[in-house]
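# Architecture and fold: a report
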Amino acid sequence: DAGITQSPRHKVTETGTPVTLRCHQTENHRYMYWYRQDPGHGLRLIHYSYGVKDTDKGEVSDGYSVSRSKTEDFLLTLESATSSQTSVYFCAIMGGTEAFFGQGTRLTVV
Amino acid sequence: RKEVEQDPGPFNVPEGATVAFNCTYSNSASQSFFWYRQDCRKEPKLLMSVYSSGNEDGRFTAQLNRASQYISLLIRDSKLSDSATYLCAVNKGGSNYKLTFGKGTLLTVNP
């Protein structure tokens, strides 16, 4: 399995609080991604990174920010969590042209 | 038109059946194509890449039709263990790799 881990795996937070999800890889891959998965919507790209300090928006980036200060870590931050951000979040790395996913983070905003 | 569209499903088939999934994509410049499998409450895992010449892996066959902009996945002699959600994915390529996924199709194989 690709060396990619997400933390935390589960989180419950209150509306309006900041939340940071971490993705860590041991594969030294350049490309990293954050997706969210919701019933009826499938996997949607939030942000991605193509190198240290190089990031770009995906299709559902509003309300999210990311940072990548080193190759192995890609952080996703919800500045002020809302109930609409309750979802399962997956981090992925691109090895060649194929993506490998972390185990996901289940985030509930109450 | 959405970038990637899939049969909505769900598909319920008996063991031993043949089942086919289709997926269309809107960007004719797309370069790479994939099928992923996702089990309930798990992460998606790569099932197979899809090549222009078509490719086969045991009971699974994937095909690409660039002219009509669709990819397909055929599962022969389906097993109970094939029950999962199948997601197609398309990579537009170019300078930045971004995988766009279909919404997925749920397959249930019944005894």
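Just above, that's the structure.
The present account deals with the structure reproduced in this document. Throughout this description, residue numbers start from 1 for each chain and increase along the sequence as written. Each chain gets a letter, beginning with A, and each ligand a number, beginning with 1, in the order they are written. Side-chain atom pairs in this predicted model are given and counted only at pLDDT of 80 or more, local residue features only at pLDDT of at least 70, and totals for whole chains, interfaces and linings cover all residues. Derived side-chain values reflect all non-hydrogen atoms in the structure, with water molecules and hydrogen atoms excluded from consideration.

## Things to note about the pattern of salt bridges
Salt-bridge detection follows one rule: a side-chain nitrogen of Lys or Arg within 4 Å of a carboxyl oxygen of Asp or Glu. The full count for this structure, using the stated rule, is eight salt bridges over all chains. With a shortest N-O distance of 2.8 Å, R37 of chain B and D39 of chain B are connected by a salt bridge. Between R59 of chain B and D82 of chain B there is a salt bridge whose closest N-O contact spans 2.8 Å. Of this pair, R59 of chain B sits in the loop between strand 6 (55-57) and strand 7 (60-65) while D82 of chain B sits in the loop between strand 8 (70-75) and strand 9 (84-91), and the two are 23 residues apart along the sequence. For the exposure calls, accessible area comes from a 1.4 Å probe over protein chains only, and a residue counts as buried if that area is under 20% of its type's maximum, exposed if over 50%, partly exposed in between. For R59 of chain B, a relative accessible area of 22% puts it in the partly exposed group. Among the charged side chains, a salt-bridge network with shared partners connects R22, K70 and D73 of chain A. Secondary structure elements follow DSSP: runs of H or I no shorter than four residues count as helices, runs of E no shorter than two count as strands, and numbering proceeds from the N terminus.

## Considering the pairing of strand 8 (residues 73-78) of chain A
Residue and element names in this part refer to chain A. In terms of residue burial, strand 8 counts as a mostly covered element, since five of its six residues are buried. Examined bridge by bridge, strand 3 (residues 19-25) and strand 8 share six bridges and lie antiparallel to one another. Paired with V19 across the two strands is L78, which belongs to strand 8. Think of it this way: DSSP has to see at least two bridges between two strands before they count as a pair. As paired strands, strand 7 (residues 64-70) and strand 8 are joined by five bridges and run antiparallel to one another. Along strand 8, the bridge assignment pairs S65 with T77.

## What about the sheet that holds strand 7 of chain A?
Residue and element names in this part refer to chain A. Judged by pairing direction, the sheet is antiparallel, and its four strands sit side by side in the order 1-3-8-7 without closing on themselves. Pairing within the sheet leaves two strands with one partner each, and these edge strands are strand 1 (4-7) and strand 7. For this sheet, the mean inter-axis angle between neighbouring strands, taken without regard to orientation, is 20°. When strand 1 meets strand 3, the two strands line up antiparallel, connected through four bridges. When the bridges of strand 3 are listed, Q6 appears paired with C23. Lines fitted to C-alpha atoms define the axes here, with helix axes fitted over just the stretch in contact, and angles between the N-to-C directions of these axes take values from 0 to 180 degrees.

## Thoughts on the interface of chain B and chain A
On the side of chain A, 20 residues touch chain B, which itself brings 19 residues to the contact. In short, buried area is how much 1.4 Å probe accessible area vanishes from two parts on joining, totalled over both. Roughly 1,800 Å² of surface becomes buried between chain B and chain A when both sides are summed, with 54% attributable to carbon and sulfur atoms. Linking chain B with chain A are zero salt bridges, by the criterion used here. Throughout this description, a polar contact denotes any pair of N or O atoms lying within 3.5 Å of each other; where both atoms belong to protein, one of them has to be capable of donating a hydrogen while the other can accept it, and for residues adjacent in sequence the pair is counted only when both atoms sit in side chains. The tally of links from chain B across to chain A stands at five residue pairs in polar contact (both at pLDDT 80 or more). Elements with a minimum of two residues in the side of chain B that touches chain A: strand 4 (32-38), strand 5 (45-50), strand 9 and strand 10 (99-101) of chain B. Among the elements that take part in the side of chain B that touches chain A, strand 4 of chain B stands out by supplying four residues, more than any other. Classes in brief: Ala, Val, Leu, Ile, Met, Phe, Trp, Tyr, Cys and Pro nonpolar; Asp, Glu, Lys and Arg charged; the others, Gly included, polar. Looking at side-chain class alone, the side of chain B that touches chain A contains eight nonpolar, six polar and five charged residues. Two residues form a contact once any of their heavy atoms are found within 4.5 Å.

## A closer look at the pairing of strand 10 (residues 98-101) of chain A
Residue and element names in this part refer to chain A. Burial along strand 10 is one-sided: A99 and F101 are buried, and none of E98 and F100, which face the opposite way, are. In terms of strand pairing, strand 9 (residues 87-95) meets strand 10 through four bridges, oriented antiparallel. Opposite I93, over in strand 10, you have F100 as the bridge partner.

## Remarks on the side chain of S49 of chain B
Within the secondary structure, S49 of chain B is located in strand 5. By relative accessible area, S49 of chain B is classed as buried at 8%. For S49 of chain B, the residues in contact, after removing those within four places along its chain, are E98 of chain A together with F33, F34, N55 and A62 of chain B.

## Points about the state of the cysteines
Note on terminology: disulfide denotes any pair of cysteine sulfur atoms within 2.5 Å. A complete count under the given rule lists two disulfides over all chains for this structure. Here C23 of chain A pairs with C91 of chain A through a disulfide, and the sulfurs are 1.8 Å apart. Between C23 of chain A and C91 of chain A, the S-S torsion sits near -75°, and that sign places the bridge as left-handed. Residue C23 of chain A is found in strand 3, and its partner C91 of chain A is found in strand 9; the two are separated by 68 residues along the sequence. Accessibility classification places C23 of chain A together with C91 of chain A in one group, the buried group. Two residues, C23 of chain B and C88 of chain B, share a disulfide whose sulfurs are 1.9 Å apart. Between C23 of chain B and C88 of chain B the disulfide shows an S-S torsion of about 60°. By sign, it is right-handed. Placement of C23 of chain B in strand 3 (residues 19-25) and of C88 of chain B in strand 9 is noted, with a sequence separation of 65 residues between them. Counting only cysteine sulfurs, C88 of chain B is the nearest neighbor of C40 of chain B, a cysteine outside any disulfide, at a range of 20 Å.

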